[in-house]
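Structural overview
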Amino acid sequence: MAEEIFDIVNERDEVIGRKPRSEVHARGLLHRAIHVLVFNARGEIFLQKRSMKKDRQPGVWDSSCSGHVDSGEDYDQTAVRELREEIGLSLSATPEKLFKLDACAETDAEFVWVYRCQHNGPFHLHPDEIETGDWFAPDYVSRWIKEKPEELATAFIYIWKLFASPGTHSHPQR
C-alpha cells in the first residue's frame, strides 16, 4: 500500500509543499488533521481506543474519530471521510465545526479542526485503526483525564479541556 502524502503547511496553515507521512512525522513538519466528537442522544461521547498498530500513541483512548488531512483534501472532506473509514458512519453533510487548534506540541505539529455530531451507533470499527470503543459520560471523561491522563491521547486531552470550558465552542472560528 502506498504511503499517505500530506500537505505541509506554514505557521498560517497555508500549503507550502507535500511530503510522505513518515517524513512529516520524523521531521516534525506542520500538517493538518481533524477530530470529531460523536455524542449520542443521552449526551455521552463515543471514544475509541487506538489500535496497537498505530505509529503514534498506540493503545490510548482518543476522540470518536480523528485523522490526517490528505494532500489536496480540505478539513471538511476529511471529517466526512474519516467518520466513514474509522467508525462506519456515513454523513450526508459536514459535521458541526466547533473550533480550530493551532499546530503545537499537544497536537503533534498538526493544525486541527474539531467537529461534533450526534449518532447513537452502533459503529463498525476499522480493525487496523481501532481496538475498541465505548460511550462515556462527559463528567467521567473529565475525571479520567485528571486521574489517569496517560490512558488518553495527548491531542484529545487538549481538545476535551477546551471543549469542556464554558464558552469555548460557542463561537467557532470560520
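Placed above this text is the structure.
The model shown is predicted, which means the values in this text are computed figures rather than measured ones.

1. Describing the packing of helix H3 (residues 138-147) against helix H4 (residues 154-164)
- Relative orientation of the contacting elements H3 and H4 amounts to 125°, with a least axis distance of 11 Å. One way to sum up the angle between H3 and H4 is to call them oblique. Every pair of crossing elements has a handedness; the one defined by H3 and H4 is left-handed. Where H3 abuts H4, its residues Pro138, Val141, Ser142 and Ile145 lie against Phe156, Ile157, Trp160 and Lys161.

2. Some points on the environment of Leu37
- Structurally, Leu37 can be placed in strand S3 (residues 31-39).
- Look at Leu37 and you get buried, because its relative accessible area is 0%.
- In this structure, the C-alpha to C-alpha distance between Leu37 and Phe111, residues 74 residues apart in sequence, is 17 Å.
- Setting aside chain neighbours within four positions, we find Leu37 in contact with Ile45, Ser63, Ser64, Leu98, Val114, Tyr115, Arg116, Cys117, Phe156, Ile159 and Phe163.

3. Overview of the packing of aromatic side chains
- If you walk through the whole model with that rule in mind, you get eleven aromatic pairs.
- With centroids separated by 5.6 Å and ring planes inclined at 25°, the aromatic side chains of Phe39 and Phe163 adopt a geometry described as stacked. In this pair, Phe39 sits in strand S3 while Phe163 sits in helix H4, placing the two residues 124 residues apart along the sequence. Note on accessibility: Phe39 and Phe163 belong to one class, buried.

4. Brief notes about the side chain of Lys54
- If you trace the backbone, Lys54 turns up in the loop between strand S4 (45-50) and strand S5 (61-62).
- One polar contact links Lys54 to Glu129, side chain to side chain, over a distance of 2.6 Å.
- Those residues in contact with Lys54, other than ones at most four positions away along the chain, are Asp128 and Glu129.

5. Observations concerning the nonpolar core
- Counting residues in each nonpolar core, the largest one holds 23 residues, and the members touching the most others are Leu37, Ile45, Leu47, Val114, Val141, Phe156 and Trp160.
- Tallying contributions element by element places H4 first for this core, with five residues.
- Contacts of Val141, omitting those with residues within four sequence positions, involve Ile45, Leu47, Phe136, Phe156 and Trp160.
- Counting residues in each nonpolar core, the second largest holds 18 residues, with Ile34, Phe46, Leu83 and Ile87 among its members.

6. As for the pattern of salt bridges
- Tallied over the entire structure, the rule returns 18 salt bridges.
- Salt bridges linked by common partners bring Asp70, Glu73, Arg81, Glu82 and Glu85 together as one network.

Conventions we followed
Residues numbered from 1 in each chain as written. Predicted model: local features only at pLDDT ≥ 70, side-chain atom pairs only at ≥ 80, totals over all residues. Heavy atoms only, no water. Axes fitted to C-alpha atoms, helices over the stretch in contact; angles between N-to-C directions. Helix = DSSP H or I, 4+ residues; strand = E, 2+ residues; numbered from the N terminus. Parallel < 35°, antiparallel > 145°, perpendicular 65-115°, else oblique. Left-handed = near helix turned anticlockwise from the far one by under 90°. Contact = heavy atoms within 4.5 Å. Buried < 20%, exposed > 50% of the residue type's maximum accessible area, 1.4 Å probe, protein only. Phe/Tyr/Trp six-rings, centres within 6.5 Å; stacked < 30°, edge-to-face > 60°. Polar contact = N/O pair within 3.5 Å; in protein donor to acceptor, adjacent residues only side chain to side chain. Core = buried A, V, L, I, M, F, W, Y, C linked by side-chain atoms within 4.5 Å. Salt bridge = Lys/Arg side-chain N within 4 Å of Asp/Glu carboxyl O.

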